[in-house]
Amino acid sequence: MSNDLMLDTQIRDWVLVPLSVVMVLIGVLRHFVTKLLRSTQNPDIKAVKEGQVVLRARYLRGSANLIPAKSFRARRVYYNNEENGLLFVPKGQGNNMQAQMFTDPNMAMDMMKKNLSMIIPQTLTFAWVNFFFSGFVAAKIPFPLTQRFRSMLQNGIDLSSVDVSYVSSRSWYFLNLFGLRGLFSLILGEENATDDAQKMMEKQMTMQMGAFGADPAKTLGAEKDGLDLVQHEWALNRIEQRAEAVLKQLLDTPDFNF
Amino acid sequence: MVGVGDQVELDRLEKQLDAGRKDDIVKYIDLVRKLKVRRSEKVAVHGLALLNNPSSASKLGDEVWNVYEQVAIAAMDTNNLEAAKECIGALMRKFPDSNRVGRLEGMWMEANGYWQQAEKVYATLLEATPADPFLLKRKVAMAKAQGNYSGAVDSLNKYLETFMADHDAWRELAELYTSLLMYKQAAFCYEELILGQPTNALYHLGYAELLYTMGGLENLRAAKKYYAATIELSGGRNIRALYGVVLSGTAISQLLKQTRSRNEEESMEIVTLASSVLKREYKSKAPRKLPLLSPLLEKAVSAS
């Protein structure tokens with residue numbers, strides 16, 4: 001192309017390289033800061049217990065017919081009675097995520113720490129890049145691109161006449177921000193704290209879990225209703241006939257080997 | 001994931017090791033840990049050799065700490081307390097505040113019989129993590145090792161209050177109750193086990209044996225049914241269940257005769273069938289013992 005821009009080598013030395021180096025260093029720093037701030041979460045005994053109660057009640061519902069009627073009734077009362085049954089949740093005591101968040105300062109603290117370690121460095125570096133390096137054309141990619149990539153690659157330069165394959169310094173910052181993940185997993189090992197995208201995914205996942213599955217009062221209530229509906233019929237009433245059939249078959253097979 | 005292939009591989013590596021070739025020792029130790037099998041002697045001997053050889057230990061990378069833990073436990077299991085102490089010491093230098101390493105320290109105290117110190121170690125660890133299942137289980141094991149069965153029952157009940165879907169714990173509790181002769185409580189545990197794993201014949205068998213031991217017409221009948229369930233689930237391959245059916249059948253008919261309640265009928269066909277399966281089995285496996293068995297079985301069959 002005739003109107004090729006000549007990029008000064010000074011730009012390479014004082015914009016492109018420093019920007020990348022700083023991004024990497026900040027990523028590494030952030031990894032260690034999050035590691036430092038991360039508090040080991042102890043699993044909440046109550047939550048564990050609720051999960052286990054549900055599991056055990058499910059077992060009971062699933063194979064209720066295998067234990068004698070008396071044992072089944074005793075267990076049902078144990079789970080479902082209205083005074084201190086394991087599955088019985090008094091009205092108004094079902095705590096949801098929101099309430100938990102307000103009452104448990106640790107949770108809010110944890111979230112704040114996470115947010116701090118993510119947002120603050122990002123804002124700072126963005127401000128820094130904007131202040132020192134705004135308006136530079138920092139690099140040129142070796143292949144042509146369509147106009148649609150202009151907003152991605154030439155953020156901060158409002159010139160429509162510049163070829164799209166030139167990269168502005170601010171865009172270079174963004175490319176580094178999102179593109180260094182592979183490098184970080186090489187430097188810091190697989191599970192590093194810098195992985196923003198993954199973190200966001202996780203956050204969304206937990207939000208959804210909270211919305212759908214993790215309301216303990218509801219799960220317990222559903223399990224209780226299920227247990228109430230079980231019609232107990234001892235499966236062993238005719239077991240002897242079945243066992244006889246098994247033994248007869250065994251006797252009929254000539255010289256069986258154990 | 002644990003697969004059948006792993007088991008085969010383990011056996012192959014073990015044979016290779018027994019033959020004196022030590023190239024795959026790392027792989028072997030890894031598999032033992034993965035499959036959770038107890039090969040303490042081999043792990044202790046070869047693992048120590050591995051850890052004491054700096055070049056091979058450094059090849060393990062971060063994995064080395066897992067191996068330290070494994071070898072420490074294996075060494076304690078084989079009463080090589082000095083070696084265990086070295087491993088634990090290395091781990092403590094690396095992870096001074098770790099819960100997991102603290103537990104190892106407690107186990108070392110236990111192995112030495114320093115019960116009070118071990119208790120203290122576990123108590124401090126429990127303060128930090130009150131819901132740690134391993135620590136709660138250690139307390140049970142400690143009480144049991146000291147012969148304090150009722151204490152073990154108490155701790156295990158406390159553990160099960162939270163982790164009530166843990167089959168192995170129910171199994172342990174059932175056995176503890178049985179050895180304390182508290183059959184009703186043990187029966188409850190076996191019911192819980194049957195609920196959790198309804199296709200495991202051994203749980204049905206254990207329940208049947210408890211019911212038979214407790215006695216009484218109702219229990220004996222239930223016992224016979226659960227023996228029958230064991231027979232069905234094991235395809236008639238369980239000798240204990242066959243004996244159980246015969247014995248409980250005889251006991252029931254004796255009880256019925258005593259109370260002269262002729263109107264209550266109990267089907268005894270299964271007793272006859274079970275005794276013929278037993279006879280056939282003895283004939284093929286232990287013909288010399290057959291003369292001891294047949295009169296007993298005939299008496300049982302004719303009585304019923």
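Residues numbered from 1 in each chain as written. Chains lettered and ligands numbered in written order. Predicted model: local features only at pLDDT ≥ 70, side-chain atom pairs only at ≥ 80, totals over all residues. Heavy atoms only, no water.

**Q** Would you mind showing me how to read the overall build of chain A here?
**A** In terms of helices and strands, chain A carries 11 helices and 2 strands. The order of helices and strands in chain A, counted from the N terminus, is α-α-α-α-α-β-α-β-α-α-α-α-α. Once local pairs closer than 6 in sequence are excluded, the contacts in chain A between residues at least 24 apart make up 70%. Of the roughly 17200 Å² of accessible surface on chain A, 61% is carried by carbon and sulfur atoms. (Helix = DSSP H or I, 4+ residues; strand = E, 2+ residues; numbered from the N terminus. Contact = heavy atoms within 4.5 Å. Areas by Shrake-Rupley, 256 points an atom, 1.4 Å probe, with all protein chains shown as cover.)

**Q** Explain the nonpolar core here, please?
**A** A general tendency of soluble globular proteins is for nonpolar side chains to be buried together. Of all hydrophobic cores here, the largest spans 118 residues; its most connected members are A:L247, B:Y28, B:M76, B:L156, B:L173 and B:Y226. Not counting the four nearest positions on each side in its chain, B:L173 is found in contact with B:V153, B:L156, B:N157, B:L160 and B:C189. In this structure, A:V24, A:V167, A:Y173 and A:F184 belong to the second largest nonpolar core, which totals 19 residues. (Core = buried A, V, L, I, M, F, W, Y, C linked by side-chain atoms within 4.5 Å. Buried < 20%, exposed > 50% of the residue type's maximum accessible area, 1.4 Å probe, protein only.)

**Q** Is there a simple way to explain the UniProt feature "transmembrane region" (unreviewed entry) in chain A in this structure?
**A** All names here are of chain A. According to UniProt, the "transmembrane region" (unreviewed entry) feature falls on residues 14–33 and 119–143. Segment residues 14–33 splits into 100% helix and 0% strand. End C-alpha atoms: 28 Å apart. For residues 119–143, helix accounts for 60% and strand for 16%, while the C-alpha atoms at its two ends are 34 Å apart. (UniProt positions renumbered as here; feature names shortened; annotations may be inferred.)

**Q** How do you make sense of the pattern of salt bridges when you look at a structure like this?
**A** Side chains carrying opposite charge are able to pair once their charged atoms draw close together. Residue and element names in this part refer to chain B. All chains considered together, the criterion is met by 29 salt bridges over all chains. Ionic pairing is found between D77 and R38, a salt bridge with its closest N-O pair at 2.7 Å. Within this pair, whereas D77 is found in helix α5 (residues 63–77), its partner R38 is found in the loop between α2 (25–35) and α3 (40–52), the two being separated by 39 residues in sequence. In this structure, R240 and E209 form a salt bridge, with 2.8 Å as the shortest nitrogen-oxygen distance. With a gap of 31 residues between them, R240 in helix α15 (residues 239–259) and E209 in helix α13 (residues 201–214) connect regions that are remote in the sequence. (Salt bridge = Lys/Arg side-chain N within 4 Å of Asp/Glu carboxyl O.)

**Q** Which parts of the structure should I look at to understand the interface of chain A and chain B?
**A** It is common to report an interface's size as the accessible area lost on association of the parts. With 40 residues of chain A in contact, the opposing surface of chain B contributes 45 residues. Between chain A and chain B, roughly 3800 Å² of surface is buried when both sides are summed, and carbon and sulfur atoms account for 65% of that area. Here B:K224 makes a salt bridge to A:E240, at a shortest N to O gap of 2.7 Å. Counting across the interface, chain A meets chain B through 16 residue pairs in polar contact (both at pLDDT 80 or more). Of all the secondary structure elements, the ones that give two or more residues to the side of chain A that touches chain B are α2 (45–62), α3 (69–80) and α11 (239–252) of chain A. For the side of chain A that touches chain B, the element with the most residues is α11(A), which contributes 10 residues. (Buried area = accessible area lost by both parts, 1.4 Å probe. Polar contact = N/O pair within 3.5 Å; in protein donor to acceptor, adjacent residues only side chain to side chain.)

**Q** Honestly, the side chain of B:S248 in this entry has me stumped. Any pointers?
**A** Residues and elements named next belong to chain B. Among the structural elements, S248 can be located in helix α15. From its side chain, S248 meets the backbone oxygen of G244 in a polar contact 2.7 Å long. Of note is the side chain of S248, whose polar atom sits 3.3 Å from the backbone oxygen of V245.

**Q** What is the right way to look at the packing of helix α6 (residues 81–94) of chain B against helix α7 (residues 99–112) of chain B in this model?
**A** Two packed helices can be described by the angle between their axes and the distance between those axes. Residue and element names in this part refer to chain B. Interhelical geometry of α6 versus α7 gives an angle of 160° and a closest axis separation of 10 Å. If you check the angle between α6 and α7, you find them roughly antiparallel. Two packed elements cross with a definite hand, and for α6 against α7 that hand is left-handed. Between α6 and α7, the residues in contact are L81, A84, K85, I88, L91 and M92 and V101, L104, E105, W108, A111 and N112, respectively. Taken together, the residues of the contact of α6 with α7 break down into 9 nonpolar, 1 polar and 2 charged. (Axes fitted to C-alpha atoms, helices over the stretch in contact; angles between N-to-C directions. Parallel < 35°, antiparallel > 145°, perpendicular 65-115°, else oblique. Left-handed = near helix turned anticlockwise from the far one by under 90°. Nonpolar A, V, L, I, M, F, W, Y, C, P; charged D, E, K, R; others polar.)

**Q** Would you mind showing me how to read the packing of α11(A) against helix α16 (residues 269–285) of chain B here?
**A** α16(B) packs onto α11(A) with a crossing angle of 30° between their chain directions and a minimal axis gap of 10 Å. With respect to each other, α11(A) and α16(B) are oriented roughly parallel. The chirality of how α11(A) crosses α16(B) is left-handed. Contact with α11(A), carried on its side by A:E240, A:A243, A:E244, A:L247, A:K248, A:L250 and A:L251, involves B:E269, B:I270, B:L273, B:A274, B:S276, B:V277 and B:R280 of α16(B) and no other residues of that element. Looking at the contact of α11(A) with α16(B) residue by residue, the classes come out as 8 nonpolar, 1 polar and 5 charged.

**Q** Could you clarify how one ought to interpret the environment of A:V17 in this entry?
**A** Residues and elements named next belong to chain A. Mapped onto the secondary structure, V17 falls in helix α1 (residues 9–37). With relative accessibility at 43%, the residue V17 sits in the partly exposed group. Counting along the chain gives 121 residues from V17 to A138, while the straight-line C-alpha distance between them is 9.6 Å.

**Q** Just checking my understanding: could you explain the packing of aromatic side chains for this structure?
**A** Aromatic ring pairs: the centre-centre distance and the angle between the two ring planes describe each pair. The final tally for this structure, using the stated rule, is 15 aromatic pairs over all chains. The structure contains a cluster of three or more aromatic residues connected by ring pairs, namely A:W128, A:F131, A:F132 and A:F133. Directly above the aromatic system of B:F188 lies the positively charged group of A:R75, at a separation of 4.1 Å from the ring centroid. Across the ring face of A:Y166, the terminal group of A:K140 is positioned such that the distance to the ring centre comes to 5.6 Å. (Phe/Tyr/Trp six-rings, centres within 6.5 Å; stacked < 30°, edge-to-face > 60°. Lys NZ or Arg CZ within 6 Å of the ring centre and 35° of its normal.)

**Q** What am I meant to see in the confidence of the model for chain A here?
**A** Low-confidence regions, as indicated by low pLDDT, have predicted coordinates that should not be scrutinised in detail. Residues and elements named next belong to chain A. Averaged over all residues, the pLDDT of chain A is 78; the fraction at 70 or higher stands at 78%. At the level of individual helices and strands, chain A shows its lowest average pLDDT in helix α9 (residues 196–212), which scores 51, and its highest in α3, which scores 90. In the predicted structure, residues 207–213 sits below a pLDDT of 50 and forms 3 contacts with residues beyond four places in sequence or in another chain. (pLDDT = per-residue confidence, 0-100.)

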